[in-house]
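Below are the chains, spelled out letter by letter.
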Amino acid sequence: MRVIAGKAKSLPLKTISGPDTRPTQDRIKETLFNILMPDLPGRVFVDLFSGSGGIGIEALSRGARKAYFIEQSPKAMACIEDNLRFTRFTDQAVTLKMDALGSLHHIYEKEIDIIFMDPPYGRGLEKEMLKLLRDHSYVTNDTVIIVEAELHEDFSYVPDLGFTVYREKKYKTNKHMFIRRSEE
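Report follows, based on the coordinates.

What counts and what doesn't
Residues numbered from 1 in each chain as written. Predicted model: local features only at pLDDT ≥ 70, side-chain atom pairs only at ≥ 80, totals over all residues. Heavy atoms only, no water. Helix = DSSP H or I, 4+ residues; strand = E, 2+ residues; numbered from the N terminus. Rg over C-alpha atoms; globule rule 2.2 N^0.38 Å. Buried < 20%, exposed > 50% of the residue type's maximum accessible area, 1.4 Å probe, protein only. Areas by Shrake-Rupley, 256 points an atom, 1.4 Å probe, with all protein chains shown as cover. Polar contact = N/O pair within 3.5 Å; in protein donor to acceptor, adjacent residues only side chain to side chain. Contact = heavy atoms within 4.5 Å. Core = buried A, V, L, I, M, F, W, Y, C linked by side-chain atoms within 4.5 Å.

Points about the overall build of the protein
Counting its regular elements, the protein contains five helices and seven strands. In terms of overall size, the protein behaves like a compact globule, its C-alpha atoms giving a radius of gyration of 15 Å where 184 residues would be expected to give roughly 16 Å. With the C-alpha coordinates aligned to their principal axes, the bounding extent of the protein is approximately 45 × 35 × 30 Å. Every one of the 184 residues in the protein was classed for burial, and the buried ones make up 51%. Carbon and sulfur atoms make up 47% of the accessible area of the protein, which totals about 8,900 Å².

Laid out in C-alpha cells, this is it:
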C-alpha cells in the first residue's frame, strides 16, 4: 500500500495483517479521491474504522487541512501513528484509539467536511453510525459521508435517517456510497 498522490506521493505505508483489516486497494482509493478532489483541499476529513490509516493519509497528502483517525485496535493505531510520522502528517492528524461508535463525541469541530467509514462488513455498523451522525451539529448539509460496503449491502434505510444517497460507485467486490443530509 502506498500514498497515490500529493505531498507524500509514492511513499509506502505499513499495513497490519490479519482478517480484521481490509486495506482499500490503490485503484479503488484513486477512484475515490478523483471523485473527492475538487472538494478536498483545506477541508476537515474523518477516517472512521481507520485500519492502517491509508485513506486519511491520502486525504492529507492531497491537501486536507486536518484528519481524524478513529481506530480501536491498539495494533492498528500503532500502525497509523507510524505511518503519520513517516509521511510527516502528525501535526495535521488527531488519533483517537477508541470504538468508532463512541468516538463521535470526541470530535471537536464546528463543521466536518468529509467523513469516510469502512466498518467491518455484515454487522450493521453503517446504519448505527449514520443514526449517531444525524444528531451531531458538525454534520451539515454540505458534509459528505462516504461508506465503503459490500456490493450487496442494502442502503434503503438511509432516507428514514434523514440522509440521501446522491452517488454510488461500484467496484468488483465492494462499493462506495456517497451520502448527504437530506434538505429539509
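Remarks on unusual backbone geometry
The phi dihedral of F49 falls on the positive side, at around 60 degrees, and the residue is not glycine. Its place among the elements puts F49 in the loop between strand 1 (44–48) and helix 2 (54–61). In the Ramachandran plot, R88 falls in the positive-phi region, its phi being about 65 degrees despite a non-glycine side chain. Here R88 shows up in the loop between helix 3 (74–87) and strand 3 (93–96).

Section: the side chain of K175
The residue K175 is located in strand 7 (residues 174–181) in this model. A polar side-chain atom of K175 sits 2.7 Å from the main-chain carbonyl oxygen of E153. With sequence-adjacent residues up to four places away left out, K175 is seen in contact with V147, E148, A149, E150, L151, E153, F155, E168, K169 and K170.

Topic: the environment of Q72
For Q72, the position within the fold is in the loop between strand 2 (66–70) and helix 3. A C-alpha to C-alpha distance of 9.9 Å links Q72 and L48, two positions 24 residues apart in sequence. Other than its neighbours up to four places away in sequence, Q72 contacts K97, M98 and D99.

A word on the nonpolar core
Within the largest apolar cluster, 29 residues are counted, with the highest numbers of intra-cluster contacts made by L48 and I145. Breaking this core down by element, the ones donating at least two residues are strand 1, strand 2, strand 4 (114–117), helix 5 (125–133), strand 5 (144–150) and strand 7. No other element matches the four residues that helix 5 contributes to this core. What L48 contacts, discounting residues up to four positions off in sequence, is I70, A100, S103, L104, I115, F116, M117, D118 and M129. Within the second largest apolar cluster, 26 residues are counted, among which are I35, A59, F89 and A93.

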